[in-house]
Amino acid sequence: MPTLWVDADACPRAARDILIRAAERTETPTWMVSNHALPLPPSRWVKPLSVSSGFDAADNEIVCRIAPGDLLVTADLPLAMEALDKGAQVMTNRGEALTPDNIRARVQMRDFMETLRASGEHTGGPKGYSDADRREFANALDRWLAKQKQ
C-alpha cells in the first residue's frame, strides 16, 4: 500500500480529520509533516513527523521520503512539482489532482500573482474552506484509496 504524505502546516483541520478517518478505515500509512506539534489522535496508521522550523524544512523532508506511487496532499505548488518529479501523485486539500500536465501552468500563474502582489496589487487570498471543498476532497481521496485496493 502506498503512503499518504500530508503537508500539514497549511492543511485545514477539516481536511486533516478526513485524512485521519480515511487512514484508519483503510489502514493506510499516513504521515502528517509539519514544523509544529499537531493535535493528532493516537493511531497505528497516522503518525506525526515534526521537522525543524527552517524555511521549507517540511517540504524538504517530504521530498526526501516520498516514493513513486505515494500520494501527497498539499497546496504548495513547488512542493507538488518536486513530488510529481519523483513519481508520486499529488492532490490539493480541495480534491484537485495536480499532474505533470497541469502543474507547470499552475506554478506560472502562482508566480505571476506573486509578482502582482509584490508590485502593490491587491489580489485577495484563497477562498475559505467550504462544505463543498470538504466533500470534493473526501470523494477524491476515497477514489484514490479505492484504486490502491484493486
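- As annotated in an unreviewed UniProt entry, the protein chain carries the name UPF0178 protein DFO67_10173 and comes from Modicisalibacter xianhensis.
- What UniProt records for the protein chain under Sequence similarities (unreviewed entry) is the sentence "Belongs to the UPF0178 family."

1. A look at the packing of helix α1 (residues 13-26) against helix α5 (residues 131-149)
Alright, step 1. Running from N to C, α1 and α5 point in directions that differ by 25°, and their axes come no closer than 10 Å. Considered as vectors, α1 and α5 are oriented roughly parallel to each other. Here the hand of the crossing between α1 and α5 comes out right-handed. Residue-level inspection shows Ala14, Ala15, Ile18, Leu19, Ala22, Arg25 and Thr26 of α1 in contact with α5, the latter providing Arg134, Phe137, Ala138, Leu141, Asp142, Leu145 and Lys149.

2. Things to note about the pairing of strand β2 (residues 30-34)
Alright, step 1. Burial analysis of β2 places four of its five residues in the buried class, the great majority of the element.
Alright, step 2. In terms of strand pairing, strand β1 (residues 4-7) meets β2 through four bridges, oriented parallel. Among the inter-strand pairings, Leu4 is bridged to a residue of β2, identified as Thr30.
Alright, step 3. In this fold, the crossover linking β1 to β2 by way of α1 has right-handed handedness.
Alright, step 4. Taken together, the five bridges between β2 and strand β3 (residues 46-50) define a ladder with parallel strand orientation. Its bridge partner lying in β3, Ser34 is registered against Ser50.

Calculation notes
- Residues numbered from 1 in each chain as written.
- Predicted model: local features only at pLDDT ≥ 70, side-chain atom pairs only at ≥ 80, totals over all residues.
- Heavy atoms only, no water.
- UniProt positions renumbered as here; feature names shortened; annotations may be inferred.
- Axes fitted to C-alpha atoms, helices over the stretch in contact; angles between N-to-C directions.
- Helix = DSSP H or I, 4+ residues; strand = E, 2+ residues; numbered from the N terminus.
- Parallel < 35°, antiparallel > 145°, perpendicular 65-115°, else oblique.
- Left-handed = near helix turned anticlockwise from the far one by under 90°.
- Contact = heavy atoms within 4.5 Å.
- Buried < 20%, exposed > 50% of the residue type's maximum accessible area, 1.4 Å probe, protein only.
- Pairing = 2+ DSSP bridges.
- Right-handed = clockwise from strand over helix to strand, strands pointing away.

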